[in-house]
Amino acid sequence: MAATMGEMTAPRRNRRQGFARATRQGARALFAMIARSLQQVSTLVITLLAARFLAPGDYGVYSLAIVFIILIQTLTYTGFYQFILTSREPDEAVLSTCFWLILGLVGAASALLALAAWPLQWLFQAPDLGGVILLLALLQPLAGIGAWSSAALLRRGAAMLNFRIMFAQNLLALVGGAALVWTWHSLYALVAFRAIRVLSGALLYAFLARDCPQLRFDVALARGATRFSAGLYGSRGLGFLAQYAADLLLGLLHSPTAVGLYRFGNRVATGITDTAMQPMASFAAMQMGAAARKGHDLSATLARFSGTLALAAGMLGAGIIVLADDMIALFFQPSYAAGLLVTYAMALRALAGAGKLLIEPAFAALGRTTSVMYFNLVTSLVAVAAVFAASAWGLAALAWAQVGVVAASTLYAFALLSRRGRLDVWPSLRNLALAILLCANFGLLLGLGCHGLEPLLPPGPLPALGGRLAFAALLALPTLALALRLRVLDLSVFSG
């Protein structure tokens, strides 16, 4: 009898243990997602506060400066950073050599940008642009050291520590930056927000990660890292041009105010969608890099991320399109309403670019970084041509032209992954198509539901918006459940 009871309780105990293990994994995945997303959330909140307290022209000056800082960040978080994640050489040699490579590259780029600060101010005819660029450029070497520390933690498998540091860093930036913009209605409050993020990150990584580079520089390893990184740097540079050519052209041909409106409309959409897209792109780089080091096929990983990325981007984009008008009218200066059509377009661009976002981590894991550069060369030339053609027609035409280019780029990305990467992309395309259908259904039901609920919503714009958001959250639950059942959504993508 005792044996029988033991046999009966053993499966039950195993189920309890399995449930507890799954719960812990789910909690870790959720925290990792929140930690990665908080950077996008903090940037979005600061953008929204800037739209409440600053004129579009002031925000446009800051946006122009940030374009050049993002170019340096592009050098920081690709190339040598990804070499640290994927190289099979000994850890000590890789980490030490890549530290000096990253520091030298970012330091040189920051120095060049600092020298160009006031010529750029004259070129764009934007007061204060030179001083803002100089202050932001001085911070970038510290940001480069933080990026190296992050890559070092991920390489040795300390992903959760990395996420905890990122969470603390972005929370400090969010709280400090929001307080500064709320009390100090100045362009330089935005600069201080960036400074809080960079300085807090450098200090947290120094005291908690405790990865110290050595005075060691392996020349042969550096050559290999440079060969690996050259294609990625070239491709990221071209991708940067495609993404930010619109800002630069608007600044040159129109005014900082036009840049501010365009960047605000863009940031409202991308700030929300990037809370899902950017963390998952980082997870894709980690998981594909780990799979490549173990010699595994990347096709299944690509399919998991394709469906989950598209589903997240599409559902968030649908919510933005339905609710953005109410949010802008409620919270921001009326002068920012001109950027609303840009918001709609950029919400759809995130969905259109779900597959495009995966080409770099996939080819980096395969060691075929020249294919990424080839892809970005073709798509960037097309994107820049579209920007030049559409810029004379206004902000909305400029934004919608980019949606079309990005959608075509995603299809081209899968074609390259199939032909040059020798990956089976049909499961990815299946997941992408199903995700689009699920998101379209979600958006249609959300729009009809919000319209039908209008008489039932509480009076006042803020309670009414809260009711619509609650309905959107409730409607998302069956959509996510169906996506899980169809295997479009895979929760394993959120693990480090």
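Residues numbered from 1 in each chain as written. Predicted model: local features only at pLDDT ≥ 70, side-chain atom pairs only at ≥ 80, totals over all residues. Heavy atoms only, no water.

Trainee: An account of helix α8 (residues 187–209) is needed here, citing residue identities and associated values.
Mentor: With 23 residues, α8 should reach 33 Å at 1.5 Å per residue; the first-to-last C-alpha distance of 33 Å fits that figure. Its side-chain oxygen placed 3.0 Å from the backbone nitrogen of Y188, S186 serves as the N-cap of α8. Directly beyond the C-terminal end of α8, a positive phi value near 60° is found at R210. (Helix = DSSP H or I, 4+ residues; strand = E, 2+ residues; numbered from the N terminus. Expected span 1.5 Å × (residues − 1). Polar contact = N/O pair within 3.5 Å; in protein donor to acceptor, adjacent residues only side chain to side chain.)

Trainee: Just give me the short version of the pattern of salt bridges, but keep the residues and values in it.
Mentor: Think of it this way: side chains of opposite charge can pair up when their charged atoms draw near. Counting across every chain of the model gives 2 salt bridges. Here D91 and R155 are joined by a salt bridge, their closest N and O atoms 2.7 Å apart. Here the residue D91 occupies a position in helix α4 (residues 91–115), and R155 occupies one in helix α6 (residues 129–155), the gap between them amounting to 64 residues. On the accessibility criterion, D91 (40% relative accessible area) is partly exposed. (Salt bridge = Lys/Arg side-chain N within 4 Å of Asp/Glu carboxyl O. Buried < 20%, exposed > 50% of the residue type's maximum accessible area, 1.4 Å probe, protein only.)

Trainee: Lay out empty space enclosed by the protein in plain terms, naming residues and giving numbers.
Mentor: Using the criterion set out here, one finds 2 cavities of 30 Å³ or more in the structure. Approximately 30 Å³ is the volume attributed to the second largest cavity. If you go around the second largest cavity, the residues you meet are Q82, L85, T86, A285, G289, P361, A364 and A365. For the lining of the second largest cavity, a count of residues per class yields 5 nonpolar, 3 polar and no charged. (1 Å grid on protein atoms, 1.4 Å probe; cavity = no way out; pocket = protein on both sides within 12 Å on 5 of 7 lines; lining within 4 Å. Points joined across faces, edges and corners; volume = space filled by probe spheres on them. Nonpolar A, V, L, I, M, F, W, Y, C, P; charged D, E, K, R; others polar.)

Trainee: Help me get a handle on the environment of A415, residues and values and all.
Mentor: Within the element layout of this structure, A415 appears in helix α15 (residues 395–419). Linking A415 and V425, residues 10 residues apart in sequence, is a C-alpha distance of 8.1 Å.

Trainee: An account of the environment of L348 is needed here, citing residue identities and associated values.
Mentor: For L348, the position within the fold is in helix α12 (residues 340–352). The exposure class of L348 is partly exposed, given its relative accessible area of 33%. Each C-alpha atom, one on L348 and one on G317, is 5.9 Å from the other, the two residues being 31 residues apart in sequence. Apart from the residues lying within four places of it in its own chain, the contact partners of L348 are I321, W400 and V403. (Contact = heavy atoms within 4.5 Å.)

Trainee: Which residues make up the side chain of T308, and what values do they have?
Mentor: In this structure, T308 sits in helix α11 (residues 299–331). For T308, a relative accessible area of 2% gives the class buried.

Trainee: An account of the side chain of Q140 is requested, with residue identities and associated values reported.
Mentor: Here Q140 shows up in helix α6. On the basis of relative accessibility, which here comes to 3%, the residue Q140 falls in the buried class. Among the polar contacts listed, one links the side chain of Q140 to the backbone oxygen of L136, at a separation of 3.1 Å. Residue contacts for Q140: discarding those within four places in its chain leaves I69, I72, Q73, V106 and S110.

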